[in-house]
Amino acid sequence: QVEAKRYGAAAPRVPLDPTPLQSTARLPTHSSAATHPASASVRVQVPHRLLASMRISVAAFAAAALCASMLAPADAFLPGSGAFVGANAKVSLRAARSAVSHVPDFLRVPKLRTSAGVTNALKMAISDESMLSTSSGGGGFFTNSNPEDRRVAPENINGRKKFKVVYVVLESQYQASMTVACKRINAAQENVCVEAVGYLLEELRNPSTLAAFKADVEDANIFIGSLIFVQELAEKVVEVVEPLREKLDAVLIFPSMPDVMRLNKVGSFTMAQMGQSKSVVGEFMKQKRKENGASFEGSMLKLLRTLPKVLKYLPSDKAADARSFMMSFQYWLGGSPENLENMLLMMANTYVYEGQKQITTEISEPALLPDIGIWHPLAPQVFEDSTEYNQWYDKEHAPMLGINPKTAPTVGVILQKSHINTKDECHYTSLIQELEARGCRVICLYSGGLDFSGPVTDFFTKGKVVPDSVINLTGFALVGGPASQDHDKAIEVLSGLNRPYLCAVPLVFQSFEEWKASELGLHPIQVALQVSLPEIDGAIEPIIYGGRDAVTGRTVPLPDRINLLADRAIKWANLRIKNNADKKLAISIFSFPPDKGNVGTAAYLDVFSSIFEVGKELKRQGYNLGADWPKAKEGLMDMILEDKEAKVGSPYLNVEYRMSVDEYGNLTPYSQELEENWGKPPGNLNSDGANLLVYGKKFGNIFIGVQPSFGYEG
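Described in the following lines is the structure provided in the data block. In this text the structure is predicted, and so the values were computed from the model without any measurement.

What follows deals with the overall build of the chain. Scanning the chain from terminus to terminus reveals 22 helices and 20 strands. For the chain, the share of sequence-separated contacts (at least 6 apart) that also reach a separation of at least 24 residues comes to 75%.

And the structure:
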């Protein structure tokens, strides 16, 4: 449902310099829009420093937290600081639409601190505004999910003290873990119980949901927010929580926009100055991150694990509260029900029931996976070395599945660690099993940060077994994810890998049911983040493969899309392995309007000379062009069309193949759906009355075809 527009050679090139940074995508429109070629095309500028900062690097965030609590105010690692991207970087979106007079409020980002040229940032162009309205319910414009489905309350209080937790998250993978964690507390604790309700950030667009959110926060003890990076919605969260901040026992805000981060309150620990002034430490860390990239991020992840152990020995209350915050962040990153249970118990014991000793069970330390590793759903452990993983896979796992490691294609997969932490990895497991069922080896890496360049280089490029194709299942850019893209670095790493690179798309802002029913298709922000930006890295085939379940919040695989994605990854892998002489290639020649003698024309381009030169290079690289390949471009033109002014349907076009109606029906299962507008096959266009005609010429394994006609200019 998303069409990523890929430009041809004649289109303006997208600059890779991050200032300015541009990407273009086209959203689907009503089918009737195709009949209006004059539909306006809106070009919208989105400041990178706000939109593209939907998720900040956890490593940099930890450093910022330390600076804010123990040293000096630090803003070097927050959106808007320029630490990640140039202040003038932008994303450009296009969409065909019939009217451009209004941009819906939910797509606006007010109060931008940038140049006057982008004061109305995030004015995304979308087809008809009427398509944005949804049926009544608990959700916002793009989702009808109901927060009440995520509410957990004790069945029997039995004289226990109850504390209440309200949380807001960008993505839904924490929902299931939080639900299990609260149920465990209610079942096991003798003195306390918990009520919890969670909101997806997108749901706050709905006024009634926002009112319910405010009512929940008013009688809450603990508020938790994570990945709140959409400006308009961040303002709504601040508007609700800030007046109640002092009343709340604790406020935990994990990577989010500066105004939201300043809501943090864990005893004496705050981030009140976060993002308001520069610090020497912050500037130093920003520079180090720029210089060292993934290695610096890895060092910060290690620092995050070490800090609580150090802070434990500092005597001040401020150090103890800072340690509580850092421990909470580790629990949150751990993501499992056990980690979230211990986080809630720690916060309740220390800040809700301070000094009352209401929690009688032991509160365990965070249980964390390695920051970077190779994961497999059936492996006994997470591997931190590709050689060790390959030994387990080839000697133990592959034989059980009947996979021959010596001949099987290998598909590399890039995963998002938070889904593994929260055990919300069903969509990952589904694809892995589908690939293996088709005889593929699979190697899956993840990173605790948002820079995958290091793991890709270490586990794929320099690994014992280099994948034949790679799928990025996070849906985001390779370096920086949605927070801060470094496309030059990504291109360098992917060029070194030199393998087909697919970036698949998990639904984030909509449930599967909502996306399937929507005529608009994918959420516009997700189009920018997970279609346009990865394509600048060099990613191909943005196939939607998983969606959020509206009730449980878990990501579920979409079976037909899993099959399609596996097909494409395997075909790309086999294509890479195949000898050039065995590869088949099709080249399509422009022909529109088909009744104007435009076969093989293009603005300021010599098409047949270009194809002839391409053919010579293909021949040099070992492709099979057969014995009929001409010695000059004129011969190539004569073989395809004898008349230089030939029109589609004229006797001067070479017919390479006649397809029978039966064959067409077998190849086109949806053919009957076309008959209402196009009639029964073979039709009157590209037909001899009995067969469908394929115009062009085949040279060995290379086919040069003329674009089929689909109508005439009036």
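Phe213, Phe223 and Ile224 are the most contacted members of the largest nonpolar core, which totals 77 residues. Ranked by residues supplied to this core, first place goes to helix α10 (residues 337-352) with 9 residues. What Phe223 contacts, discounting residues up to four positions off in sequence, is Val166, Val168, Phe213, Val217, Val237, Val241, Leu248, Ala250, Val251, Leu252 and Ile253. Counting 51 residues, the second-largest nonpolar core is a separate cluster that includes Leu415, Phe452, Ala490 and Cys503.

Pairing within the open sheet is mixed, and its 5 strands lie in the order β9-β11-β10-β12-β13. At either margin of the open sheet sits one strand with a lone partner, and together these are β9 (372-374) and β13 (501-503). On average, adjacent strands in this sheet sit at an angle of 20° to one another, irrespective of strand direction. One ladder, built from 4 bridges, connects strand β10 (residues 410-416) with strand β12 (residues 469-472); its direction is parallel. Of the residues in β12, the one forming a bridge with Ile414 is Asn472. Its contacts with the sheet put helix α11 (residues 386-401) on β9 and β11 (441-447), and the angle it makes with β11 is roughly 145°. Seen against the sheet, helix α14 (residues 453-461) touches β9, β10, β11 and β12 and runs at an angle of roughly 155° to β11.

Take the packing of aromatic side chains next. Taken as a whole, this structure holds 15 aromatic pairs when the rule is applied. Here Tyr174 and Trp332 contribute two aromatic rings whose centre-to-centre distance is 4.1 Å and whose plane-to-plane angle is 5°, an arrangement assigned as stacked. Of the two residues, Tyr174 sits in helix α3 (residues 173-188) while Trp332 sits in helix α9 (residues 317-334), which places them 158 residues apart along the sequence. For Trp332, a relative accessible area of 2% corresponds to the buried category. Taken together through their ring pairs, the aromatic side chains of Tyr174, Phe254, Phe269, Phe325, Phe329 and Trp332 make up a single cluster.

As a further point, take the pairing of strand β15 (residues 544-548). Most of β15 is tucked away: 5 of the 5 residues are buried. Of the strand pairs in this sheet, β15 and strand β16 (residues 555-557) are connected by 3 bridges, and their pairing is antiparallel. Each bridged residue has a counterpart across the sheet, and for Gly547 the counterpart in β16 is Val556. What sits between the antiparallel neighbours β15 and β16 is a turn of 6 residues, in which Gly553 has the positive phi angle 80°.

Its place among the elements puts Val607 in helix α19 (residues 607-620). With 17 residues separating them in the primary sequence, Val607 and Phe590 have C-alpha atoms 9.0 Å apart.

Attention now moves to unusual backbone geometry. Here the bond from Pro681 into Pro682 is cis, since omega is 10°, no more than 30 degrees from zero. Phi angles above zero are rare outside glycine, and Leu227 is one such case at about 60°. Inspection of the secondary structure assignment puts Leu227 in the loop between β5 (222-226) and α5 (231-241). Within the chain, Asn686 stands out as a residue other than glycine whose phi angle is a positive 50°.

To continue, consider the packing of α3 against α10. The interhelical angle for the contact between α3 and α10, taken along N-to-C directions, is 60°, at an axis separation of 8 Å. Compared by their axis directions, α3 and α10 come out oblique. Seen along the crossing, α3 lies across α10 with a hand that is right-handed. Contacts from Tyr174, Ser177, Met178, Val180, Ala181, Cys182, Arg184 and Ile185 of α3 reach α10 at Pro337, Glu338, Leu340, Glu341, Leu344 and Leu345. Here the contact of α3 with α10 is built from residues that sort into 10 nonpolar, 1 polar and 3 charged.

Here we take up α5. Counting buried positions along α5 gives 9 out of 11 residues, so the element sits mostly inside the fold. All buried positions along α5 are accounted for by Gln231, Glu232, Leu233, Ala234, Lys236, Val237, Val238, Val240 and Val241.

Reading across from one edge, β17-β20-β19-β18 is the order of the 4 strands in this open sheet, with mixed pairing throughout. The open sheet has two free edges, formed respectively by β17 (585-589) and β18 (655-660), since each of these has just one partner strand. Adjacent strand axes in the sheet meet at a mean angle of 35°, parallel and antiparallel pairs treated alike.

A few words on a positive patch on the surface. Where like charges cluster on the molecular surface, the positive patch consists of Lys571, Lys578, Lys584 and Lys698. Taking the relative accessible area as the measure of exposure, Lys578 reaches 40% and is therefore partly exposed.

All right, on to helix α17 (residues 524-537) then. Spanning 14 residues, α17 covers 20 Å between terminal C-alpha atoms, matching the ideal 20 Å at 1.5 Å per step. The buried fraction of α17 is high, at 13 of 14 residues. Phi turns positive one or two residues past the end of α17, at Gly538, with a value near 115°.

The next subject is the pattern of salt bridges. In this structure the tally under the stated criterion is 25 salt bridges. Residue Arg438 is joined to Asp567 by a salt bridge in which the shortest nitrogen-to-oxygen separation is 2.0 Å. In this pair, Arg438 is assigned in the loop between α13 (426-437) and β11 and Asp567 in helix α18 (residues 559-577), connecting sequence segments 129 residues apart. With a shortest N-O distance of 2.6 Å, Glu617 and Arg620 are connected by a salt bridge. With Glu617 and Arg620 both in helix α19 and 3 residues apart, the pair spans about one turn of that helix. On the basis of relative accessibility, which here comes to 61%, the residue Arg620 falls in the exposed class. One salt-bridge network, held together by shared partners, links Glu148, Arg151, Lys162, Lys164, Glu195, Asp216 and Asp219.

Conventions used here
- Residues numbered from 1 in each chain as written.
- Predicted model: local features only at pLDDT ≥ 70, side-chain atom pairs only at ≥ 80, totals over all residues.
- Heavy atoms only, no water.
- Helix = DSSP H or I, 4+ residues; strand = E, 2+ residues; numbered from the N terminus.
- Contact = heavy atoms within 4.5 Å.
- Core = buried A, V, L, I, M, F, W, Y, C linked by side-chain atoms within 4.5 Å.
- Buried < 20%, exposed > 50% of the residue type's maximum accessible area, 1.4 Å probe, protein only.
- Pairing = 2+ DSSP bridges.
- Axes fitted to C-alpha atoms, helices over the stretch in contact; angles between N-to-C directions.
- Phe/Tyr/Trp six-rings, centres within 6.5 Å; stacked < 30°, edge-to-face > 60°.
- Parallel < 35°, antiparallel > 145°, perpendicular 65-115°, else oblique.
- Left-handed = near helix turned anticlockwise from the far one by under 90°.
- Nonpolar A, V, L, I, M, F, W, Y, C, P; charged D, E, K, R; others polar.
- Patch = residues over 30% accessible without salt bridge, like charges linked within 9 Å, V, L, I, M, F, W, Y side chains within 5 Å.
- Areas by Shrake-Rupley, 256 points an atom, 1.4 Å probe, with all protein chains shown as cover.
- Salt bridge = Lys/Arg side-chain N within 4 Å of Asp/Glu carboxyl O.
- Lys, Arg positive; Asp, Glu negative; His and termini not counted.
- Charge placed at Lys NZ, Arg CZ, Asp CG, Glu CD.
- Expected span 1.5 Å × (residues − 1).

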